[in-house]
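Coordinates in review
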Amino acid sequence: SGGQAGFHSLALNADGTVWTWGKNTEGQLGNGTLINSNVPVQVSNLTNIIAIAGGEYHSLALRADGTVWAWGRNSNGQLGDSTTTNSSIPVKVKHLSNITDIKGGRYFSFALKGDSTVWSWGQNADGQLGDGTTTQKLTPVQVVGLNEVTAIAGSAFHALALKSDGSIRAWGRGVDGQLGDGLQTASSIPVQV
C-alpha cells in the first residue's frame, strides 16, 4: 500500500508483520522514530495483521481479531484514538470491532465492519466522513444511510462504497465531479453514482 501523497509505502509480510519505508516526518513508518528510511523497517508492536492502508502522513493496519491500529500524523484525528497527537508507534482506534477492511484518505480513515456498515474518522471539511456533518471526528462515526456494503475505496477527500446490489455510493469532495452523481458539489452523506 502507498501513502496518499506518495511519500511512504507499506508492505504486509506473510507472517503478519508490517514493514514500511520512505518519509517519516510524522511517524508514519511506525517504528518509534521520525527518521526517514530508504529500506523497509518493521512497524513496532504489530502482529497478526491481515490488511494495511496508507493515508497521506498516516498508516493503518487491521489485525486478525478485527481491531484497527493507526500511526503517524493525527492533526485531524485520523488515528481515531480520541486525540490530535501524532504517534510514531501504532495506537488502537477506539470503539471499533469486527472490522473486515480499512482504507486511508488524505487526513481521514474509514473501515468496513462485518455487519456491512462503514465507519469513518478524521478530517471532514468536505463531508468525507459521510455522517451528515463537516465536523472532524477524533473517533469513528457511522456513515449514514449506508448498509449492505461489500467493498470500500478511498481518495484524498472522498470515499466510495460498493453495495451488494452492485450499485456504488460516494461522499465527500465533489467539485470535479468525483462523486459521479452528475453534480460538482460536495456531499456529507452518500449519494448514488
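An account of the accompanying structure is given in this report. All of these numbers come straight from a predicted model, not from anything done at the bench. (Residues numbered from 1 in each chain as written. Predicted model: local features only at pLDDT ≥ 70, side-chain atom pairs only at ≥ 80, totals over all residues. Heavy atoms only, no water.)

Description of the overall build of the chain
Scanning the chain for helices and strands turns up zero helices and 15 strands. For 193 residues, the compact-globule formula gives about 16 Å, and the C-alpha radius of gyration of the chain, at 16 Å, lands near that figure. Based on the C-alpha atoms only, the size of the chain along its principal axes is roughly 45 × 30 × 25 Å. By residue count, 52% of the 193 residues in the chain fall in the buried class. (Helix = DSSP H or I, 4+ residues; strand = E, 2+ residues; numbered from the N terminus. Rg over C-alpha atoms; globule rule 2.2 N^0.38 Å. Buried < 20%, exposed > 50% of the residue type's maximum accessible area, 1.4 Å probe, protein only.)

A look at the nonpolar core
One finds Leu 60, Val 68, Leu 96, Ile 99, Ile 102 and Trp 121 to be the most contacted residues of the largest nonpolar core, which totals 15 residues. Counting residues in hydrophobic clusters, the runner-up holds twelve residues, among them Phe 108, Val 143, Ile 152 and Trp 171. (Core = buried A, V, L, I, M, F, W, Y, C linked by side-chain atoms within 4.5 Å.)

A few points about the side chain of Lys 137
Along the chain, Lys 137 turns up in strand 11 (residues 137-142). Exposure remark for Lys 137: the relative accessible area of 19% places this residue in the buried category. Reaching out from Lys 137, the side chain makes a polar contact with the side chain of Asp 131 at a distance of 2.7 Å. One polar contact links Lys 137 to Thr 133, side chain to side chain, over a distance of 2.9 Å. In contact with Lys 137, not counting residues within four places along its chain, are Asn 76, Gly 77, Trp 121, Gly 122, Asn 124, Leu 129 and Asp 131. (Polar contact = N/O pair within 3.5 Å; in protein donor to acceptor, adjacent residues only side chain to side chain. Contact = heavy atoms within 4.5 Å.)

Some thoughts on the packing of aromatic side chains
Scanning the entire structure with this criterion turns up three aromatic pairs. When the centroid spacing of 5.8 Å and the interplanar angle of 25° are considered together, the rings of Phe 7 and Tyr 57 count as stacked. Pair noted here: Phe 7 is in the segment before strand 1 (8-12) and Tyr 57 is in the loop between strand 4 (49-54) and strand 5 (58-63), with a separation of 50 residues, a long-range link. The class for Tyr 57 is buried, based on a relative accessible area of 11%. Seen in terms of ring centroids, Phe 110 and Trp 171 are 6.5 Å apart; in terms of plane orientation they differ by 70°. Their pairing is edge-to-face. You can see Phe 110 sitting in strand 9 (residues 108-113) and its partner Trp 171 sitting in strand 14 (residues 168-172), a full 61 residues away along the chain. The same class applies to Phe 110 as to Trp 171, namely buried. One residue, Lys 23, lies across the ring of Phe 7, its end atom 4.6 Å from the ring centre. Over the ring of Phe 157 we find Arg 173, and its NZ or CZ is 3.7 Å from the ring centre. (Phe/Tyr/Trp six-rings, centres within 6.5 Å; stacked < 30°, edge-to-face > 60°. Lys NZ or Arg CZ within 6 Å of the ring centre and 35° of its normal.)

So, a nonpolar patch on the surface
A grouping of Leu 162, Ile 168 and Val 193 is seen on the molecular surface, where their side chains present a nonpolar patch of about 220 Å² in accessible area. With respect to the helices and strands, Leu 162 occurs in strand 13 (residues 158-163). In this structure Leu 162 comes out as partly exposed when scored by relative accessible area, which is 33%. (Patch = residues over 30% accessible without salt bridge, like charges linked within 9 Å, V, L, I, M, F, W, Y side chains within 5 Å. Areas by Shrake-Rupley, 256 points an atom, 1.4 Å probe, with all protein chains shown as cover. Salt bridge = Lys/Arg side-chain N within 4 Å of Asp/Glu carboxyl O.)

Focus: the sheet that holds strand 5
Pairing is antiparallel across the open sheet formed by four strands, whose spatial order is 4-5-6-7. With partners counted over all chains shown, the strands left at the sheet margins are strand 4 and strand 7 (87-92), one partner each. Going from strand to strand, the sheet's axes swing by 20° on average, the running direction of each strand aside. Pairing geometry for strand 5 and strand 6 (residues 68-72), over five bridges, is antiparallel. For Leu 62, the partnering residue across the bridge sits in strand 6 and is Val 68. (Pairing = 2+ DSSP bridges. Axes fitted to C-alpha atoms, helices over the stretch in contact; angles between N-to-C directions.)

Here's the deal with the pattern of salt bridges
Under the defined criterion, the tally for this structure stands at five salt bridges. Arg 106 is the salt-bridge partner of Glu 56, the closest N and O atoms lying 2.5 Å from each other. One end of the pair, Glu 56, is in the loop between strand 4 and strand 5; the other, Arg 106, is in the loop between strand 8 (99-104) and strand 9, and 50 residues separate them in sequence. Under the relative-accessibility criterion, Glu 56 is labelled buried at 9%. On the basis of relative accessibility, which here comes to 25%, the residue Arg 106 falls in the partly exposed class. Between Asp 126 and Arg 173 there is a salt bridge, and its shortest N-O distance comes to 3.2 Å.

Nothing here speaks to function; it is geometry throughout.
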